Amino acid sequence: MANLPVKYLNPFTDYGFKKLFGEEPNKNLLLDFLNELLKDEQGPIVSLHYIKNEQLGSSDLDRRAIFDLYCENEAGERFIVELQKSKQRFFKDRTVYYSTFPIRDQAPKNDWDYQLSAVYLIAILDFVFDEDQAEPEKYRYDVKLTDIDTCKVFYDKLTFIYLEMPKFTKTIEQLETRFDKWLYVLRNLTEIQAIPPSLQEQVFQQLFETAEIAKFSREQMRSYEDSLKYYRDLKNSMDTARDEGKVEGIEIGREEGIGIGREEGIGIGREEGVRTVALALLREGMSEGVILKTTGLTAAELAQLRRELG
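In what follows, the accompanying structure is described. Just so we're clear, the structure is a prediction, and the values are computed from it rather than from any experiment.

### A look at the packing of aromatic side chains
Here is step 1: Per the counting criterion, the structure on display carries 22 aromatic pairs.
Here is step 2: Ring geometry for Phe67 and Tyr98: centres 5.0 Å apart, planes at 70°, overall edge-to-face. Note that Phe67 is positioned in the loop between strand 3 (65-66) and strand 4 (69-73) and Tyr98 in helix 3 (residues 91-104), a separation of 31 residues in sequence.
Here is step 3: Judged by its relative accessible area of 0%, Phe67 is buried.
Here is step 4: Of the residues examined, Tyr98 reaches a relative accessible area of 6% and is grouped as buried.
Here is step 5: Residues Phe79 and Tyr120 carry aromatic rings whose centres are separated by 5.2 Å and whose planes lie at 5° to one another, so their mutual orientation is stacked. Of the two residues, Phe79 sits in strand 5 (residues 78-84) while Tyr120 sits in strand 6 (residues 119-125), which places them 41 residues apart along the sequence.
Here is step 6: Residue Phe79 is classed as buried on the basis of its relative accessible area, which comes to 0%.
Here is step 7: Among the aromatic residues, those joined into a cluster by ring pairs are Phe17, Phe21, Phe33, Phe179, Trp182 and Phe204.
Here is step 8: The ring of Tyr141 has Lys138 lying over it, and the distance from NZ or CZ to the ring centre is 4.6 Å.

### Concerning the sheet that holds strand 8 (residues 153-164)
Here is step 1: If you walk across this open sheet you meet the 6 strands as 1-4-5-6-8-7, and the pairing is mixed. Every other strand in the sheet has two partners, leaving strand 1 (48-50) and strand 7 (140-146) as the edge strands with one partner each. The mean angle between the axes of side-by-side strands here comes to 25°, regardless of whether they run parallel or antiparallel.
Here is step 2: Where strand 5 and strand 6 come together, 7 bridges link them in parallel fashion. Each bridged residue has a counterpart across the sheet, and for Gln84 the counterpart in strand 6 is Leu125.
Here is step 3: Strands in contact with helix 2 (residues 27-37) are strand 1, strand 4, strand 5, strand 6, strand 7 and strand 8; relative to strand 1, the strand with the most contacts, it is inclined by about 120°.

The rules behind these values
- Residues numbered from 1 in each chain as written.
- Predicted model: local features only at pLDDT ≥ 70, side-chain atom pairs only at ≥ 80, totals over all residues.
- Heavy atoms only, no water.
- Phe/Tyr/Trp six-rings, centres within 6.5 Å; stacked < 30°, edge-to-face > 60°.
- Helix = DSSP H or I, 4+ residues; strand = E, 2+ residues; numbered from the N terminus.
- Buried < 20%, exposed > 50% of the residue type's maximum accessible area, 1.4 Å probe, protein only.
- Lys NZ or Arg CZ within 6 Å of the ring centre and 35° of its normal.
- Pairing = 2+ DSSP bridges.
- Axes fitted to C-alpha atoms, helices over the stretch in contact; angles between N-to-C directions.
- Contact = heavy atoms within 4.5 Å.

Here it is in structure tokens:
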């Protein structure tokens, strides 16, 4: 039997993610997702409004931060929702850096007692951190400032949540909670043809209707296809770099004659893998901002690679 055409968009593309969660008519989708994500964290979020997702530093020397989604609820709490398609050096550093903007935004220009509203950064990851590979069943990480000795939360107004989506492998029959359903839909949207009975709730019906590719206008289709092409090119580049990095690391280990094992050899090749990805993206004509965000390279390192390419 021939494969059926994909019916729904890929939510891990920039266009797909913002189509589902970043448009005013679909704000209730983001609201429902955040309420399920943070159900044990706080009371229900009643309303959200989007904030301009590009933040500039306090001086020309500060780096610009561009968030995927940035919004605020009725209590003044801020939410950054990031989608990350591929591994990036210093990605955790980047999320910490991003969290400083909604903190600084709360400072008024007059007298202030430094009271802050809560800030949440949610990262939906299409990969698994290397250090988490040994925990295949743990796909959600909630991080706060915590005392090392007592393991008690020291400050509860800054929260980082990382969702490693490749680890979420529940089948439709195994879904127990509404949050399970959200993760299932995000993980499997492009594989769904007929909506399962357990997902025929109003919020998911809206999501499927919004995500149905056949309903896109010509302009929407063009934008989505461009975004999908970038996603596929990036994924192919990362897969190639990962494979080449493994081989490179093993070869370096052999040439150095230092008796390293296979896993250590792979570790040595990881830097070369990042370099390979950056070079591939340069050849594809990707912008400097996209390459820096994808690879975690510094501007100086990228400039050096440009010189190597001539």
